[in-house]
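What follows is the residue order along each chain.
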Amino acid sequence: MINVRNPADGFRSLRARIDALGGPGHGDRGEDGAPLTVGEWALLIDDIVAHPEANTEPLWNVAAPEEDDREYDAIFVGGGAAGRFGSAFLKARGGRQLTIDAWPFLGGSCPHQACVPHHLFSECARELDLARHMQGRLWYPPFDDKRASILEIVELFRAGRGYPHAIMNWQSKEQLDMEFILNARATIIDAHTVEVAGQRFTARNLVLCTGARTIFPEIPGIGLRGVFDFASLIEDLDYEPNRCVIIGGSKVALEYGSFFQATGCQVTILTRSPLMRTASLHHIDDGMRDYVIAMMRDRGIEIVEGAEPIEVLGNGKVSGVTYRDADGQVRQIDTDFVFVGTGERPNLDLYAPLGLDIDERGFVVADSHMRTSVPGVYATGDLLGPPMEMFKARKTGVGAARNIMGEDYEFDFTQYPDFLHTTYEVTWCGLSEAEARERHPNVIKIQMPPDDADPETFALPAAEGSMIYAFTRPILSGWLKLVIDADSRKILGAHHVGFGAKDAFQYIDYLIRRPEGFTIDQMAELNELFLNPEHFIQLSRLRAGQASLVNL
Ligand code: KPC
């Protein structure tokens, strides 16, 4: 065991080990007797991640009995977003928690394989898209497809992820005062007992926070070298892909497909359901979808809807994919890189001793208090099924903690703002126009470009991030829609494709879902920070004078 809690106990040798790992430029070193710095954590975590076989000792941060001899209120199994936020909140409420994770860091898949690399890749996609579009104009040099390497960008992330990991450990220990055991697998004994690193811990409650993983389609060849998902892409990519076939039509498929295409690697997406029409995405506006898909195709992505993958071909390594198209024809694409974006499911083997109720899709059944069918056991995040989003992971973790600490806290995560990336940022909340028309007799919209405009010449919306597109090829500058009930004047939905509007949507979603709603008149009273990416404030103001609202 490596005791990272008590600087007096074994810390000198830990520091010596870290010193031996790090050359210059790895951040501040702590004084003897002081807690690990972020730079020191990064060195330690990177070493363990790079050499797991040689680093099997758990990282132990557990209060000694003389420090705290209380019973644990909860053991959080998994220290990702749900486990970390739940633990921090429970601790803040005066409770005692223990958080266990198999990885040597807290924060889970987000900083290791999921959200953080996804955002790095999406930013690269956006930069590359502009560079390619503008090549040979202004200061942009000719664009050489070969210069954008997927492998180099993945390696950039892999080399840098130690710092986000380190911040999670440092913040959780030094600022949030959490107790944790990392780099160790938990074994569930019963609803109050967990074994870790050969030691048993008991608690009033268990909070299950172990997330989900990609379900690979069961087709021949799916295990070949050259087949990846978002996690194995980070861990295992060791060559430069030249051609990409994506199996599946999830958000991940759109996001990673757009990134690969932007690097210059030709992408084909094979999807059963039409893109952005999958059950896990709700309130997708038809106009927004049409623009997103048209812009992906404009960038050269091939999208095959109604496709049924048959086999991944190859002899040791991927060489192609066969699929049945919507007309029943078997087709083949030669490729050296297959990426699976078919969705995720939890692995529940760990919880077999508990006898939890599981639904027909394979997710844990829990009520709005995050209580499972087993008293004292709570489930969170991706274990509960879609949406597999950060807000839900963190808030279900916190929700479990609140209930454990005596509150009566319910969380309904069925309505929420949503987003995805292509080379654009795509954001939406509330109702689509079609949904609004089903529920309200008198719906109007504010839309840019309007339906009757020629989008190739209509240079709105435009704001930071899309100005160069607006002045070089207007259709590339984005798309927006605000859906309004003309009778009550309440805003029912907002939809945006562009850059920089994601933050606003968190607040718009909150405002329009209040019982009193949020009207076009109230929107018109806000003070815009012009050029505001979503344009909604000034566009609402142009119409708010009307007694009977009409489209803009
Ligand atoms: C960018 C970043 O916040 C690091 S990953 C977040 C993990 S956690 O705070 O546990 O949700």
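Everything that follows concerns the structure shown earlier in this document.
These notes cover the structure that comes with them. (Residues numbered from 1 in each chain as written. Predicted model: local features only at pLDDT ≥ 70, side-chain atom pairs only at ≥ 80, totals over all residues. Heavy atoms only, no water.)

### Brief notes about the pattern of salt bridges
Part 1: The final tally for this structure, using the stated rule, is 35 salt bridges.
Part 2: Notably, a salt bridge pairs Glu302 with Arg243, separated by 3.9 Å at the nearest N-O pair. Taken together, the residues span a long stretch of sequence, with Glu302 in strand β13 (residues 302–305) and Arg243 in strand β11 (residues 243–247) at a distance of 59 residues.
Part 3: Of the residues examined, Glu302 reaches a relative accessible area of 37% and is grouped as partly exposed.
Part 4: A salt bridge links Arg437 to Glu433; the nearest nitrogen and oxygen atoms lie 2.9 Å apart. Remark: Glu433 and Arg437 occur in helix α12 (residues 433–439); sequence separation between them is four residues, near one turn of the helix.
Part 5: Each member of the salt-bridge network shares a partner with another, and the members are Asp285, Glu433, Arg437, Lys445, Asp451 and Lys481. (Salt bridge = Lys/Arg side-chain N within 4 Å of Asp/Glu carboxyl O. Helix = DSSP H or I, 4+ residues; strand = E, 2+ residues; numbered from the N terminus. Buried < 20%, exposed > 50% of the residue type's maximum accessible area, 1.4 Å probe, protein only.)

### Re the sheet that holds strand β10 (residues 227–228)
Either a parallel or an antiparallel arrangement is found when strands of a sheet pair, and the pairing is made through backbone hydrogen bonds.
Part 1: Strand order in this open sheet of five strands is β10-β17-β11-β12-β13, and the pairing throughout is parallel. At either margin of the open sheet sits one strand with a lone partner, and together these are β10 and β13.
Part 2: Here five bridges tie β11 to strand β12 (residues 266–271), and the two strands are oriented parallel to one another. Opposite Ile246, over in β12, you have Ile269 as the bridge partner. (Pairing = 2+ DSSP bridges.)

### Focus: the pairing of strand β6 (residues 186–190)
Part 1: Judged from the four bridges that link them, β6 and strand β7 (residues 193–196) form a sheet pairing that is antiparallel. Residue Ile188 lies in a different strand from β7, and its bridge partner there is Val194.

### Digging into the sheet that holds strand β22 (residues 443–448)
Part 1: Strand order in the open sheet formed by five strands is β20-β21-β24-β23-β22, and the pairing between neighbours is antiparallel. On the outer flanks of this sheet lie β20 (418–421) and β22, each paired with one strand and no other. With direction set aside, neighbouring strand axes in the sheet form an average angle of 10°.
Part 2: Sheet topology places strand β23 (residues 479–485) next to strand β24 (residues 491–498); six bridges connect them, and they run antiparallel. Its bridge partner being in β24, Val483 is matched across the sheet by Gly493.
Part 3: Running over the sheet, helix α14 (residues 502–512) touches β20, β21 (425–430) and β24 and is turned about 5° from β21.
Part 4: Packing of helix α16 (residues 536–544) onto the sheet brings it into contact with β22, β23 and β24, and relative to β23 it is tilted by some 45°. (Axes fitted to C-alpha atoms, helices over the stretch in contact; angles between N-to-C directions. Contact = heavy atoms within 4.5 Å.)

### Notes on helix α5 (residues 115–134)
Part 1: Taking 1.5 Å per residue as the helical rise, α5 with its 20 residues ought to reach 28 Å, and the 29 Å between its terminal C-alpha atoms agrees with that figure.
Part 2: Inspection of α5 places Pro117, His118, Phe121, Ser122, Cys124, Ala125, Leu128, Asp129, Leu130, Ala131 and Met134 among the buried residues, and these make up the whole buried set.
Part 3: Structurally, α5 contributes buried residues whose contacts are with α4 (109–112), α6 (150–160), α8 (230–236), α9 (251–263), β20 and α13 (467–472).
Part 4: Positive backbone phi, at 80°, marks Gly136, one or two positions downstream of α5. (Expected span 1.5 Å × (residues − 1).)

### Observations concerning the environment of Gly211
Part 1: Among the secondary structure elements, Gly211 is positioned in the loop between β8 (199–208) and β9 (213–214).
Part 2: For the pair formed by Gly211 and Gly381, sequence separation is 170 residues and the distance between their alpha carbons is 6.3 Å.
Part 3: Each residue touching Gly211, except ones within four places of it in the same chain, is listed here: Pro346, Asp382 and Leu383.

### Observations regarding the site of the ligand
Part 1: In the neighbourhood of the ligand, the contacting residues comprise Ala81, Arg84, Phe85, Gly107, Cys110, Pro111, Val116, Met168, Met390 and Arg394.
Part 2: Here Arg84 contributes a side-chain N or O atom positioned 2.8 Å from an oxygen atom of the ligand.
Part 3: With respect to the ligand, the side chain of Arg394 contributes an N or O atom lying 2.9 Å from an oxygen atom.
Part 4: Here the ligand loses 77% of its free accessible area of 340 Å² to cover by the protein chains.
Part 5: Looking at the shell around the ligand, the elements that each hand over two or more residues are α3 (81–92), α4 and α11 (390–404). (Near = heavy atom within 4 Å. Polar contact = N/O pair within 3.5 Å; in protein donor to acceptor, adjacent residues only side chain to side chain. Areas by Shrake-Rupley, 256 points an atom, 1.4 Å probe, with all protein chains shown as cover.)

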